[in-house]
Amino acid sequence: MNDATPAANVPKTLRELSCADDYDPDSMPVDTARSLIRQYLSPVTATERVHIRTALGRVLAEDVVSPLDVPGHDNSAMDGWAVRFADLPREGTVTLRRIGDSFAGKPFGGALGAALGPGEAVRIFTGGVMPAGADTVVMQERATEVEGGVQVAAGAVGKPGQNRRFAGEDLKRGEVVFAVGQALNPAELGMLASLGVIEVTVYRRLRVAFFSTGDELRSIGQPLGAGEIYDSNRYTLHGMLTRLGSDVVDMGVVRDEPAALERAFATAAANADVVITSGGVSVGEADFVKQLLDRLGEVLFWKIAMKPGRPLAYGRIGAAHFFGLPGNPVSVMVTFYQFVRDALLVLQGRRNVTGVPTFSATLGAPIRKAPGRTEFQRGVLAPDGAGGYTVRTTGDQGSGILSSMSRANCFIVLPPECGNVEAGASVQVQLLEGLI
Ligand code: AMP
Ligand code: MG
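Only a predicted model underlies this, so the values are computations on that prediction, with no experimental measurement involved. (Residues numbered from 1 in each chain as written. Chains lettered and ligands numbered in written order. Predicted model: local features only at pLDDT ≥ 70, side-chain atom pairs only at ≥ 80, totals over all residues. Heavy atoms only, no water.)

J.: Break down a nonpolar patch on the surface for me, citing the residues and quoting the values.
T.: Residues I220, L224, Y230 and Y235 make up a contiguous nonpolar surface patch of about 390 Å² in total accessible area. The topology assignment puts L224 in the loop between β14 (217-218) and β15 (229-230). (Patch = residues over 30% accessible without salt bridge, like charges linked within 9 Å, V, L, I, M, F, W, Y side chains within 5 Å. Areas by Shrake-Rupley, 256 points an atom, 1.4 Å probe, with all protein chains shown as cover. Salt bridge = Lys/Arg side-chain N within 4 Å of Asp/Glu carboxyl O. Helix = DSSP H or I, 4+ residues; strand = E, 2+ residues; numbered from the N terminus.)

Pasting the structure below:
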């Protein structure tokens with residue numbers, strides 16, 4: 001159900017693309033895999049109109065041009081007194097005559113907007129329209145109210161125009177406020193409302209179908225037999241996909257049988273923009289899945305030089321994008337955040353997708369690591385009491401230990417060339433908190 005027309009610069013087939021880049025599918029660097037995937041993504045094009053109240057997380061499909069100046073009038077940034085800067089003394093004090101008030105929403109002089117003359121002041125409150133003739137606001141803390149007026153000493157304001165907000169200083173009429181591809185977060189919703197915009201045109205939501213593979217898996221609510229485990233990956237995937245604003249199609253558990261898998265892949269691809277599976281891509285299992293997917297689409301199997309999350313399949317089944325994630329619960333989350341999340345953001349139509357933000361923190365306890373692969377260790381980042389942050393691992397880093405993800409608030413990203421890391425070293429971290 002992909003409504004996108006591939007961009008002219010997108011290579012015709014994934015295999016063509018991969019061959020052009022001289023890559024090794026058995027030891028693919030994380031960045032190479034990311035950029036290969038990126039080159040193959042074509043964002044959705046269908047759009048819909050939505051009320052701004054339901055637009056959170058959606059992506060603009062049209063530029064928004066400001067229909068007005070924001071703010072609409074010069075107004076006061078402070079509670080105080082609107083005055084003419086020219087009336088203020090160089091030394092000593094001056095007493096100005098109070099001729100009225102300007103409240104937010106209730107300007108001085110009402111609709112007529114009477115002007116302020118020499119030696120006059122208007123009591124003004126934050127957001128109050130600047131009276132004509134006044135150019136500066138004296139903060140109330142720097143002025144002394146007296147009978148019939150206000151006394152202001154030299155030095156109460158630094159320069160003309162102080163404490164005055166100018167019409168259009170936030171947004172100017174006719175200005176492009178947001179461009180196509182802008183994601184709508186709470187600040188954008190507020191800005192749209194400040195412009196009086198009620199509805200926006202956004203790209204349609206992505207539809208993502210997912211299922212788990214494995215004869216050992218049972219869905220919650222079913223009794224467990226010997227050697228069976230509950231399928232947890234569908235629930236982490238459901239959570240991660242829902243946060244990204246996708247429409248999800250949960251297709252349940254599919255047994256490791258060619259006929260059942262073929263049916264599931266075909267149904268998923270016919271009903272979604274993206275198909276995500278977990279399990280069945282590791283050595284041994286992958287062989288028949290590979291043969292199957294070769295028939296159904298164009299899928300490449302990679303061994304990513306990363307830990308956890310080594311096996312990854314990526315490609316297309318029909319018009320749908322396909323991600324075959326490893327089965328281990330931690331690997332599912334790591335590969336989702338390192339590859340799938342970015343891809344979905346691009347497919348949603350967002351511009352300037354930059355990957356999960358990475359920043360530096362100080363390592364609180366040593367980490368053992370062999371060079372060769374990028375490791376995404378689960379970490380706990382905490383304030384160090386001196387204005388910075390230290391990070392430690394959650395302990396055992398086995399890729400089946402999902403509690404390590406739950407205890408973690410970040411990934412510690414250790415690049416391929418890096419070996420053991422000492423306490424006190426600077427390491428790169430990616431915050432999980434707040435991540436969509
Ligand atoms: P696989 O990649 O299919 O070889 O699976 C690797 C490991 O992850 C095995 O221990 C599986 O039992 C486990 N696993 C696979 N799928 C799931 C799932 N949906 N939920 C929980 N564990 C899983
Ligand atoms: Mg399996």
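J.: Can you explain helix α2 (residues 30-39)? Please cite residues and give values.
T.: Listing the buried residues of α2 in full gives V30, A33, L36 and I37. End-on, the buried residues of α2 take up no more than an arc of 135 degrees, which puts them together on one face. (Buried < 20%, exposed > 50% of the residue type's maximum accessible area, 1.4 Å probe, protein only. Arc of directions from axis to C-beta.)

J.: Would you mind going over the site of ligand 1 in detail, with residue names and values included?
T.: Around ligand 1 sit 16 residues, and of these E216, D231, S232, E285 and G327 come closest. Separating a nitrogen atom of ligand 1 from a side-chain N or O atom of N233 is a distance of 3.2 Å. When ligand 1 sits alone it has 490 Å² of accessible area, and the protein chains cover 79% of it. By residue class, the composition of the shell around ligand 1 is four nonpolar, nine polar and three charged. (Near = heavy atom within 4 Å. Polar contact = N/O pair within 3.5 Å; in protein donor to acceptor, adjacent residues only side chain to side chain. Nonpolar A, V, L, I, M, F, W, Y, C, P; charged D, E, K, R; others polar.)

J.: I'd like to hear about the packing of helix α4 (residues 233-243) against helix α7 (residues 329-347), residue by residue, with values.
T.: It is the contact of α4 with α7, at a shortest axis distance of 11 Å, that shows an interaxial angle of 25 degrees. Between α4 and α7, the angle falls in the class roughly parallel. When you trace α4 past α7, the crossing you get is right-handed. The residues of α7 that touch α4, namely those facing N233, T236, L237, M240, L241 and R243, are P329, V332, M333, F336, Y337 and L344. Its residues placed into classes, the contact of α4 with α7 shows nine nonpolar, two polar and one charged. (Axes fitted to C-alpha atoms, helices over the stretch in contact; angles between N-to-C directions. Parallel < 35°, antiparallel > 145°, perpendicular 65-115°, else oblique. Left-handed = near helix turned anticlockwise from the far one by under 90°. Contact = heavy atoms within 4.5 Å.)

J.: Describe the pattern of salt bridges, listing the residues and the values that go with them.
T.: Any two side chains of opposite charge can pair, given that their charged atoms come close. Scanning the model with the defined rule gives 20 salt bridges in all. Taken together, the salt bridges that share partners define one network made up of R38, R341 and D342.

J.: Which residues make up the packing of aromatic side chains, and what are the values?
T.: Between two aromatic rings, the relevant description is the distance of the centres plus the angle of the planes. Under the counting rule described, the total for this entry stands at nine aromatic pairs. Geometrically, the ring pair formed by F103 and F125 is stacked, given 4.9 Å between the ring centres and 5 degrees between the ring planes. You can see F103 sitting in the loop between β5 (93-102) and β6 (120-124) and its partner F125 sitting in the loop between β6 and β7 (136-139), a full 22 residues away along the chain. Assessed through its relative accessible area of 34%, F103 is described here as partly exposed. Relative to F323, the ring of Y314 has its centre 5.1 Å away and its plane inclined at 50 degrees; by these criteria the two rings are tilted. Just as Y314 is buried, F323 falls in that class too. (Phe/Tyr/Trp six-rings, centres within 6.5 Å; stacked < 30°, edge-to-face > 60°.)

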